[in-house]
Structures are given as C-alpha cells and as structure tokens.
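# Analysis of the macromolecular model
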Amino acid sequence: MKFPGQLVFGLDIGTRSIVGTVGYRVGEKFYVVAQSIREHGTRAMLDGQIHDIYKVSATISEVKSELEERIGRELKDVCIAAAGRVLRTVTVRVDTELSGEREVNGEDIYALDSMGVEKAYEEFLKSNDTEMKFYCVGYSVVRYYMNGYTMGNLEGHRAKTIGADIIATFLPEDVVDGLYKAVGGAGLEVVNLTLEPIAAIQVAIPEMYRMLNIALVDVGAGTSDISVTKDGSIIAYGMIPIAGDSLTEVVAKHCLVDFATAEQIKRETGVKENIEYKDIMGLSQTISAAKIEEVTADVISDMTGQVADKIKELNGDKSVSAVFVVGGGGMLPGYTSALADKLGIQRERVAVRGEEVMQSIEFLDAAAKRDSLMVTPIGICLSFYEQSNNFIFVYFNDQRIKIYDNNKVAVVDAAMQAEFANDGLFPKRGKELNYIVNGKPRITRGMLGEAAVITVNGNEADIYTPIHANDQIRVKESTAGEPAKLDINQLPEYGATMRVEVNDKKIDLPKFASVNGTLQSGYYGIQENDSIEILSYYTVRQIAEFMDVIINQDMNIYVNNKLADMDTKVYENFSVVWTMEELQLSDRDKYENDKTDADSEQSQEHSDYQTEDEDAYRSDDQTEDEDAYRSDDQTEDEDAYRSDDQTEDEDALRSDGQTEDDSYREEEDAESEYDENNDAETDEQERAPYESDPKTEAQNAVQKGVSIHVTVNQKPVSLSGKSEYVFVDVFQYIEFDLSKPQGSGIVTKLNGRDAQYMENIHNGDIIEIYWKH
C-alpha cells in the first residue's frame, strides 16, 4: 500500500492501555491510517512507570503486529512519550551578547538553547535531593528576547544581545530505561521521545489559542499531566501521580470486583444509567451511575484539588481562564465541575475535549476513535514533525553514556551528561592578584591557559561539533594559565624617573613606591593584598643615600632656597643645596624668621627697622661694594619696570613657599616706598643687608650678577642675582606647584616654541608654562 507521506508510528504507553497510531501529514492535515488499542493483562504499569518490562513489551508487540497487518508493511521506528510520578521541570532565563550588532543565525539560536539547557541542568543538580540519576528528556522555549524585547523568532534579525526563557524537563534514569527496553523488546527503535503533556497540547490547544491563559489536563490512568499556555507559548508543564486508577480502585472495593471489571463499570458510568456486573462471588449485581458518582466523589474532590493546586503553582499562584480536559479519567461525571469549583472559575470554562479539537485530523481508519482518549496518541505522532528527539549512546573518554538526542546534540551536551567539569572545556585563568593602589582596591587577572583538546572519532573537534550514535569522544581537560604577575613599574601611576637639581647638578632619581610601608623600586613584584602608595617625591635623606653622600650635622640644607632638613620632601624639578657654610646662611634664615616683625616695624615710620646686629654686620667696605654693583641706571630701570601696582600684585601672590630672592625683592619694594620720605643715603644703608642672593650664599660664592626681565604667562617677572639664567630658573619666581599635578604633563614654551629646561633665557623673552590636559 502506498501513502502520499512518510508514515509515522506513535505509541502511547499508558498505565492502563497501549495505543498505537500510524499516520502521515500532508500540509496542515494529519491522516490516521490505522489505530490499535491493547489493555495490559495485568497491572504491569503503575503511575505511568513500567514495572514489568517483559509484559509491557509483549503488549507492544501485539499492537505492532496488528498495525503491520493493516498497513501492509513492517514497522521499525517508533515515537513515544514519557511521563512518570517524579517528573521535574526547571525554568531558566539565559542571555548572551553577540560580537557586535549582527544578523542572528541558526547556530546562535542553538548555542543559546544549549546554554539554557546547561543552566537548567546545573540548577536541577542543586535541588536534586535524591540519589537517582536524572536525564534531561526535553525542553521547550517559552519565549525569545532580542535586545531585551520579546521576539517570536530570532533568526534573521540584527541584534546585539539575545536571550530566552527555557523550560527543561528531567526524568529518572529508570523511567527512561524502562521505556527503551520495553520498546526494544518488541523490535522497535525510538526515533523521537517527547513528554505526554507536550504531545497532548499539540492537538488540544492549537497555536491560535495559546495567546490565552489556558490549562490542559490529560487525565490518564496513573498520572494527570498538565500544561499551561499564555502569550502564545507553553509557559509550564507538570504532573501529579493520581488519576483514573484511583477512581477504579474505589469502585472495585465498593462493588467487590476485580480491577478490570471495576474499570468497565467506571467507563459505563457516563454512558448508562444502570450498570450490570458480576462480583467476585459470581453474583449478578446492578448499580446506578448516580451511586458510582457518590462513591467516587471524595476521590474526585481530592484529585481535582491536587490538579487545581498544581495549575495555580505553574501559573504563578493564580487560576487560569479555562481548562481543557482530555484522557479517559476526566470523562467520569463530576470531574470537570469539581475542578472548576477548585479553581474558582465558571463550570462552563472546564470541559472535556475530544473530536471538536481534531479539525485538522482525518481518520482513514473507520474503526478509529475520535474521543479524548486519542488526543495524546495523535499528539505523539505530530511531535515527530515538530522535533526529532531520542536517546543515543556515545563514548566520552571511554565512558558509555546515554544522551538525549534532538538532532542538534554536540560535544558539550555529552560532556554535561558525563558530568565533565564545565571549566575543564574552556581555558582557565591563573590565580588573580588583588592589591591596593593609593587606597583603591585593584585586581589583575591571571593568564589564560590552553583550551581543552577535543577529538571525535580521532578527528579534531570543538565543543560545538555535532555527535551521533556510538561516536568516540575524547576530551583532554583545559589547563590553567600562569598566576597574575605585575611589577610596580607596570602600574599606570608609576613614572620612570624624576629629575631634581642637587648643588647645581641635574640628577635623575628612579621613582619609588611605598609597599606596606616599605620603599620598593619599580622592579618589585606585587604580592597578594599588597597596599601600594606611589610616591612622587624623595626626602633629602633618600637623595643623599641614592648619591652615596654623607651629610653631617654641621651642614645646612636648602630646598628651593628655603632652609630644610633631612626629612623635607623634594618633588620633580626642585632644587637641593647642602653646604658647610653656616654664618651667612644662618643670617639669611634669621631674616626669614624675623620678616614679620620687620614688616610691623616699617608701619611705625621705619624708625627701628635696622637692628644693631645688622649695623655691626654691614661694614663700610661691603656697603661700597654693593653700591658699586647697583648702579643708578639699573635702579632707575627696575623702578620703571616694577610699578607700584605690579609690586602689590606680586606681593599678594607670594606665599610662604616663595624663594629667598622673592623675599628680598618684596623688601626692596617696601624700601623704595620708604625712599620717598627719606634721603638716598639712609635708604642704601637699610637695604644693603638683604642685597645678596641667598642661593649664592648657600654655595659660598657671593658674586656680582645681572637682572633680566621676562614675561611669563602674560605677566612680567624679574630674575636677578646670577650672571646667566636657564629656563628652569623661572619656576623659582612664579606660582606653579609641581607637587600637585593638574594634568598629564607640563607644557613649556619659549618665544612660541618648545623649550628645554636647561637652555639659556634672555631679557625680554616670552615664556609660557602650563599643565597639559
């Protein structure tokens, strides 16, 4: 016999009976060619689980033989559905970021689904409180997401991120093994495995209805399987281990009959008003349908209560809008009304579904049934077209494992089933390094190791390589990389050297860092939990140690021409002088300390400004020397250049950090103002003690110099006391704090071009100094 489509053989292996269906699909129609039903001769199955494999296998063989005879061909492949009293489901949300915005392809979707199944399995293992080994027997996508928004089908769209809500289902190993052995015993090979609630919904709730919040309850003999739809998707499914057999047992006890007779009485309850039967004593009896309803009322109440609770649990702790009931157990009078009452919805919204939901099903077999009992068997056949799922055996590192095959199974799925550590597949980073820089915690990650070495049947492969039955998979675990290593000089805050001037010589000092309170060089290897402070300065003591110089207690130390000590901090471009000359330096230091008193005395007509010590110190010869040095022309020049307003401005800008030369010039300005009320001779006597340059004193080389006038950042500046000047000298005459960087570097310009620190400058030069941003 020829058929226009590929024949599909589906078996619904139920607790009470086995239903075999053979058919094919053309377009949107499914044609049922033949159907066969056999009840178990004994209770070989309980609560959806096979207890006697050989008896179940024998019954399957009977169904298979009948169907082969009717269609005229041998049946080898079969589709089956799994149920069981310990069905577990896990719902997870997974998201992944693509490499830039691009078009989503099938591999992206498969990788996303696999990630979801893997995550669901990990979540399940955390909650599995039994010693049983479970298999993932199926999964379904509730909804997809594209860039955070719900999307029906991702393929072909451009996206940066994709995600999915996925439900994965798990059954114990013995449930799956029992099904496979029973089918194999009948000479059949499983080509597709689905779940009974998924199979039933294929027929009972078409996609056009899945926008509604509806529950489907398949009341079999041993289990009640439940699915819930909403917003176009199956959002949850589950089961409870109570169904039609519980009702049959109550009838058997009340009527004193065997299980098979009680099953017959139950089935006739909805058809006849009075049912005749013989009890175990051989006596003929009659019982009314109303009495059967009364006898089973308590069991129906308990059963529907559990079903209602499960529906609410799956639906977010609330009732659904309607319920479709399929399966023989739900046909007993009183079931649908009791379930409606438990859910708190109208009784009209809970109904048994049968022939009315089979509008797309054509029955070519005149003997085939068209009631609710056939919904799941036909759904099993339809699932073949929606998904091709099965279990296959592969070898993973010589371990034989069984894996759920959805025609997309890859190495990563086998690794997960073999409980191979996930991090053993991907390169592992070495130990990270935790430390603190300037008070802020920081982490440097370890180096990546080598990825896992994977082969399939001896050929190089990766974790996404497809696998098939009996494939030999070998995986050499990935390795960890080197632990994180970092030297001080690799920190972005660290610079190579800092330059200072020591006794008129440029010295490059290597930058240092304080690590846990101890100074370390740039070559120090950072250790776990180190506390690092990057130092932008040296102390005078550290500079001396670096230069291998011994500074004794008789020496005087100056930093930027100010009296200092061994612990004074020296920053980039600072000047340092140490010398044995004590007399003149001490006198200048005294002048600095007494300057405030001298200023106060000036306000009292300057009458007591010059002290007796200074009179003694200033000899006539020295006064004549300095008078010769400062000619009348030079004095006039400086008076003309330095106006009263400018003097006031510069006085305001000079802080305690100004140089000794600055202090001298301010005093000179004050004395110039005093000149207006006193004769020139007195003026020269009072100014003479402070005319010498302090840095020259510090170097014990009092010498004549020249003054030059330059413009720095659009402001006039005078330099005096040296015979010639270099660019870096300007820093001693301006307010520019090098110890507090305000940019990535210092920009220095001389007459519009880049300047060098040590190049000469001249009278009238235009200078710019500012922080680079």
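Residues numbered from 1 in each chain as written. Predicted model: local features only at pLDDT ≥ 70, side-chain atom pairs only at ≥ 80, totals over all residues. Heavy atoms only, no water.

### Here's the deal with the overall build of the protein chain
A count of helical and extended segments in the protein chain gives 19 helices and 43 strands. Taking all 773 residues of the protein chain together, the buried fraction comes to 50%. Accessible surface computed for the protein chain: about 38200 Å², of which carbon and sulfur atoms make up 46%. (Helix = DSSP H or I, 4+ residues; strand = E, 2+ residues; numbered from the N terminus. Buried < 20%, exposed > 50% of the residue type's maximum accessible area, 1.4 Å probe, protein only. Areas by Shrake-Rupley, 256 points an atom, 1.4 Å probe, with all protein chains shown as cover.)

### Some points on the nonpolar core
By size, the foremost hydrophobic cluster in this structure holds 100 residues, and its most contacted members are L11, I13, I60, V323 and I378. Sorting elements by how many residues they give to this core places helix α7 (residues 289-314) first, with seven residues. If we skip the residues at most four places from it in the chain, V323 touches A215, V217, I311, L339, L343, I345, R349, V350 and A351. Core analysis: the second largest hydrophobic core is formed by 24 residues, F124, Y139, A164 and F170 among them. (Core = buried A, V, L, I, M, F, W, Y, C linked by side-chain atoms within 4.5 Å. Contact = heavy atoms within 4.5 Å.)

### Details of the sheet that holds strand β17 (residues 322-326)
Reading across from one edge, β14-β13-β12-β17-β18 is the order of the five strands in this open sheet, with mixed pairing throughout. With partners counted over all chains shown, the strands left at the sheet margins are β14 (233-240) and β18 (350-352), one partner each. Averaged over all pairs of adjacent strands, the angle between their axes in this sheet comes to 20°, without regard to strand direction. The pairing of strand β12 (residues 214-219) with β17 spans five bridges and is classified as parallel. Opposite I214, over in β17, you have A322 as the bridge partner. Here α7 sits on the sheet and contacts β12, β13 (224-230), β14 and β17; the angle it forms with β14, its principal contact strand, is near 145°. (Pairing = 2+ DSSP bridges. Axes fitted to C-alpha atoms, helices over the stretch in contact; angles between N-to-C directions.)

### Examining the packing of helix α1 (residues 53-71) against helix α3 (residues 173-185)
At their nearest, the axes of α1 and α3 sit 8 Å apart, and the two run at 50° to each other. The angle between α1 and α3 places the two elements in the oblique class. Here the hand of the crossing between α1 and α3 comes out right-handed. Residues I53, V56, S57, I60 and S61 of α1 form the contact with α3, whose own contacting residues are G178, K181, A182, V183 and G185. Broken down by class, the residue content of the contact of α1 with α3 amounts to five nonpolar, four polar and one charged. (Parallel < 35°, antiparallel > 145°, perpendicular 65-115°, else oblique. Left-handed = near helix turned anticlockwise from the far one by under 90°. Nonpolar A, V, L, I, M, F, W, Y, C, P; charged D, E, K, R; others polar.)

### Some remarks on the sheet that holds strand β22 (residues 433-437)
Pairing in this open sheet of five strands is mixed, and the strands run β23-β22-β31-β29-β30 from one edge to the other. Of all strands in the sheet, those bounded by a partner on one side alone are β23 (440-444) and β30 (518-520). This sheet shows a mean twist of 35° between the axes of neighbouring strands, independent of strand direction. By the bridge criterion, three bridges tie strand β29 (residues 512-515) to β30 in an arrangement that is antiparallel.

### Examining a nonpolar patch on the surface
Among the surface-exposed residues, L256, I280, M281 and L283 lie close enough to one another that they form a single nonpolar patch of about 430 Å² accessible area. Take I280: it is sitting in the loop between β15 (274-278) and β16 (284-288). (Patch = residues over 30% accessible without salt bridge, like charges linked within 9 Å, V, L, I, M, F, W, Y side chains within 5 Å. Salt bridge = Lys/Arg side-chain N within 4 Å of Asp/Glu carboxyl O.)

### Thoughts on helix α2 (residues 106-127)
Note on helix geometry: an α-helix contains 3.6 residues per turn, so any two residues three or four positions apart are oriented the same way. Between its terminal C-alpha atoms α2 stretches 32 Å, which fits the 32 Å expected from 22 residues at 1.5 Å a residue. Listed in full, the buried residues belonging to α2 are D108, I109, Y110, L112, D113, S114, G116, V117, E118, A120, Y121 and F124. One side-chain oxygen at the N-terminal end of α2 lies 2.9 Å from the backbone nitrogen of D108; it belongs to N105. (Expected span 1.5 Å × (residues − 1). Polar contact = N/O pair within 3.5 Å; in protein donor to acceptor, adjacent residues only side chain to side chain.)

### What about the pattern of salt bridges?
Pairing of side chains with opposite charge becomes possible as their charged atoms draw close. For the structure on display, the rule yields 25 salt bridges. Note that K266 is salt-bridged to E263, the shortest N-O span being 3.4 Å. You can see K266 and its partner E263 sitting in helix α6 (residues 259-269), three residues apart, about one turn around the helix. Taken individually, K266 and E263 each receive the classification buried, so the pair is uniform in this respect. Among the ionic contacts, a cluster of salt bridges with common partners joins R38, E62, E66 and R70.

### Considering the packing of aromatic side chains
On inspection of all chains with the given rule, the structure shows nine aromatic pairs. Both rings, one in Y571 and one in F574, keep their centres 5.7 Å apart while their planes meet at 70°; by these two values the pair is edge-to-face. Judged by relative accessible area, F574 falls into the buried class, the value being 15%. For R353, the ring lying beneath its charged end belongs to F324, and the centroid distance is 4.2 Å. The ring of Y537 carries the charged tip of K569 above its face, separated from the ring centre by 4.5 Å. (Phe/Tyr/Trp six-rings, centres within 6.5 Å; stacked < 30°, edge-to-face > 60°. Lys NZ or Arg CZ within 6 Å of the ring centre and 35° of its normal.)

### Considering the confidence of the model for the protein chain
Of the residues in the protein chain, 81% have a pLDDT of 70 or more, and the chain-wide mean is 79. A low-confidence stretch, residues 582-704 stays under pLDDT 50, and its non-local contacts, those more than four residues away or across chains, total 150 contacts. (pLDDT = per-residue confidence, 0-100.)

### A look at unusual backbone geometry
Even without being glycine, D398 reaches a positive phi, approximately 70°. The residue D398 is located in the loop between β20 (390-396) and β21 (399-405) in this model. Residue classification places D398 among the exposed residues on the basis of a relative accessible area of 56%. Of note, Q714 is a non-glycine position whose phi angle comes to about 70°, a positive value.

### Some points on the packing of helix α5 (residues 244-255) against α6
Contact pair α5 / α6: the axes reach a minimum separation of 8 Å and the direction vectors enclose 105°. One way to sum up the angle between α5 and α6 is to call them roughly perpendicular. Contacts from G244, D245, L247, T248, E249, V251, A252 and C255 in α5 reach F259, A262, E263, I265 and K266 in α6.

### Quick word on α7
At T296, α7 shows its strongest bend, of approximately 50°. One or two residues past the end of α7 sits G316, with phi positive at roughly 75°. (Bend = angle between axes of the 7 residues up to and from the residue.)

### Some remarks on the state of the cysteines
Going through the model one piece at a time under the given rule, you end up with zero disulfides. Between C381, a free cysteine, and C79, which holds the nearest cysteine sulfur, the sulfur-to-sulfur gap is 6.4 Å. With relative accessibility at 0%, the residue C381 sits in the buried group. (Disulfide = S-S within 2.5 Å.)

### Some points on the environment of K55
Within the secondary structure, K55 sits in helix α1. Counting along the chain gives ten residues from K55 to M45, while the straight-line C-alpha distance between them is 9.4 Å. In contact with K55, not counting residues within four places along its chain, are T42 and A44.

### Thoughts on the side chain of D413
Structurally, D413 is set in helix α10 (residues 411-417). Contacts of D413, omitting those with residues within four sequence positions, involve Y110, S114, I403 and K408.

### Considering the pairing of strand β36 (residues 575-579)
Burial analysis of β36 places five of its five residues in the buried class, the great majority of the element. Neither face of β36 is exposed, since S575, V577 and T579 on one face and V576 and W578 on the opposite face are all buried. In this sheet, β36 lies alongside strand β27 (residues 497-502) in parallel orientation, the contact comprising two bridges. Pairing of V502 across the sheet is with V576, part of β36. Relative to β36, strand β33 (residues 556-559) runs antiparallel, the two sharing four bridges. Its bridge partner being in β36, N556 is matched across the sheet by T579.

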